[in-house]
Amino acid sequence: MGFSCGIVGLPNVGKSTLFNAMTGAGVAADNYPFCTIDPNVGVAVVPDSRLDQIVEIARPQRAVPAVVEFTDIAGLVAGASQGEGLGNQFLHHIREIDAIAHVVRCFEDPNVTHVAGTIDPIADIQTIDTELGLADLETVERAIAKAQRRARAGEKEAQASVTIFERVHAHLAAGHPVRSMELASTEGIAVRDLFLLTAKPLMYVANVADDQLHDNPWVARVAEYAEAERAGVVALTGALEAELAQLDPTDRDAMLAEYGLDEPGLETVIHAAYRLVGLETFFTAMETEARAWTVRRGTKAPAAAGQIHTDFERGFVRAEVIPYEDYVAAHGEQGAKEAGAMRVEGRDYVVQEGDVIRFRFNV
């Protein structure tokens, strides 16, 4: 399935630097506002050592990892919801993505202009939150008016929609994102259909100086703010990540060790984005290809088969499933069969993280 994550933030906070390092896209990253005008789109591989292990065992002709599509959206400024800066077109770009990575500047550098003239990550966050919230308020107000007209026309379900939308409006008017609301399942469906910006899953990417990667008071403030609105936080150094992205694995590992890191911050961002909307990975391991596939948690076997080809879903017969750990322990599919680790599952089977699956189907 396709999954897209939008990179947003004020101008000059490091969005395009992050995007370049993550996707190798090489877009402009100059030191002036609105360097990014049209959204740049790139694809980043989801790092997964499990696929490497499967390839080592199955020896396929090629390996295909899972990917995340990132969109570098131009810097928003105060008044964007009313057309300031480059205006509502960027709010439209945000509306089209699945999740948001909000880059926040947590470093001092007199050579990099800050649009507000001072470093204050919470104020920066609130500037973006305000613009997204104002845009959502307009959307909800239109939805309330439409539902009220339907209620007056006698539609029984319409009054329930009015009640839900008025709750959402009050929450937004109080300055809170929709993602922080407690909604029943039926309410969530009604709100989802509005495609609200502040309902999207979000994480903050704190861009810090390389000498403050492990001890940064601004990051602590961002984390506290994020907890209240159900958002995650990843801290990294944009300049360091750009350098790491250019190194071979040996030199990269040496630099990571020098900075006391287990993995590049970009890999942490990619994994976080992948989890942000509840995605998980299953694998196929054939003679020609080993591949990591992406599905939402709770996906049943026929729908997972449909990610490979629609014919697989239509003609689904069964799924032959081996948990990843058993696949490795048995050194592949044949060994798993002999060890009794392969299960035969039907249409109601819910795919689990790390399953290695061979689908059987009728054409």
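With that settled, consider the sheet that holds strand β6 (residues 202-208). In spatial order, the strands read β2-β4-β1-β5-β6-β7; together these 6 strands make up an open sheet with mixed pairing. For this open sheet the edge positions go to β2 (40-45) and β7 (232-236), each flanked by a neighbour on one side alone. Within this sheet the neighbouring strands show an average axis-to-axis angle of 25°, counted without direction. The strands that helix α4 (residues 121-152) touches are β5 (99-106) and β6; relative to β5, the one it contacts most, it runs at about 145°.

The pLDDT averaged across the chain works out to 85; a share of 88% of its residues lies at or above 70. In the model, residues 25-38 has pLDDT below 50 throughout and makes 37 contacts with residues more than four positions away in sequence or in other chains. Low pLDDT, under 50, characterises residues 83-87; the stretch is placed with 10 contacts to residues that sit more than four places away or in other chains.

With the rule as written, the count across this model stands at 1 cavity of 30 Å³ or more. Taken as a whole, the largest cavity holds about 50 Å³ of empty space. What lines the largest cavity is Ala285, Met286, Glu320, Ile322, Tyr327, Glu333, Val356, Ile357 and Arg358. Mapped onto the lining of the largest cavity, the elements with two or more residues apiece are β10 (316-322) and β12 (356-361). In terms of residue count, the dominant contributor to the lining of the largest cavity is β12 (3 residues). Residue composition of the lining of the largest cavity, by class: 6 nonpolar, no polar and 3 charged.

The subject of this paragraph is the side chain of Thr139. Counting through the fold element by element, Thr139 comes out in helix α4. With relative accessibility at 11%, the residue Thr139 sits in the buried group. Those residues in contact with Thr139 that lie beyond four places of it in its chain are Arg95, Leu194 and Leu196.

Turning our eyes to something else, we now look at the packing of aromatic side chains. As enumerated under the stated definition, the model contains 6 aromatic pairs in all. Relative to Trp293, the ring of Phe282 has its centre 6.4 Å away and its plane inclined at 15°; by these criteria the two rings are stacked. Of this pair, Phe282 sits in strand β8 (residues 279-285) while Trp293 is found in strand β9 (residues 289-296), placing the two residues 11 residues apart along the sequence. Here the aromatic residues Phe282, Trp293, Phe316 and Phe359 are joined through ring pairs into a cluster of three or more. Positioned above the aromatic ring of Trp293 is the side chain of Arg291, whose terminal nitrogen or guanidinium carbon lies 4.6 Å from the ring centre.

Another aspect to go through is helix α7 (residues 217-228). Across its 12 residues, α7 extends 18 Å between first and last C-alpha, which sits within 8% of the 16 Å expected from 1.5 Å per residue. Along α7, the residues that are buried comprise Trp218, Val219, Val222 and Ala226. For α7, the arc enclosing every buried residue in end-on projection is 95°, short of the 170-degree limit, so these residues lie on one face. Looking at α7, the residues exposed on the side facing more than 90 degrees away from the buried face are Pro217, Glu224, Glu227 and Ala228. Along its buried surface, α7 packs onto β5, α4, β6 and β7. Measuring from the backbone nitrogen of Trp218 back to the side-chain oxygen at the start of α7 gives 2.8 Å, which picks out Asn216 as the cap. Of the residues one or two after α7, Arg230 is the one with positive phi, at around 60°.

Conventions we followed
Residues numbered from 1 in each chain as written. Predicted model: local features only at pLDDT ≥ 70, side-chain atom pairs only at ≥ 80, totals over all residues. Heavy atoms only, no water. Pairing = 2+ DSSP bridges. Helix = DSSP H or I, 4+ residues; strand = E, 2+ residues; numbered from the N terminus. Axes fitted to C-alpha atoms, helices over the stretch in contact; angles between N-to-C directions. Contact = heavy atoms within 4.5 Å. pLDDT = per-residue confidence, 0-100. 1 Å grid on protein atoms, 1.4 Å probe; cavity = no way out; pocket = protein on both sides within 12 Å on 5 of 7 lines; lining within 4 Å. Points joined across faces, edges and corners; volume = space filled by probe spheres on them. Nonpolar A, V, L, I, M, F, W, Y, C, P; charged D, E, K, R; others polar. Buried < 20%, exposed > 50% of the residue type's maximum accessible area, 1.4 Å probe, protein only. Phe/Tyr/Trp six-rings, centres within 6.5 Å; stacked < 30°, edge-to-face > 60°. Lys NZ or Arg CZ within 6 Å of the ring centre and 35° of its normal. Expected span 1.5 Å × (residues − 1). Arc of directions from axis to C-beta. Polar contact = N/O pair within 3.5 Å; in protein donor to acceptor, adjacent residues only side chain to side chain.

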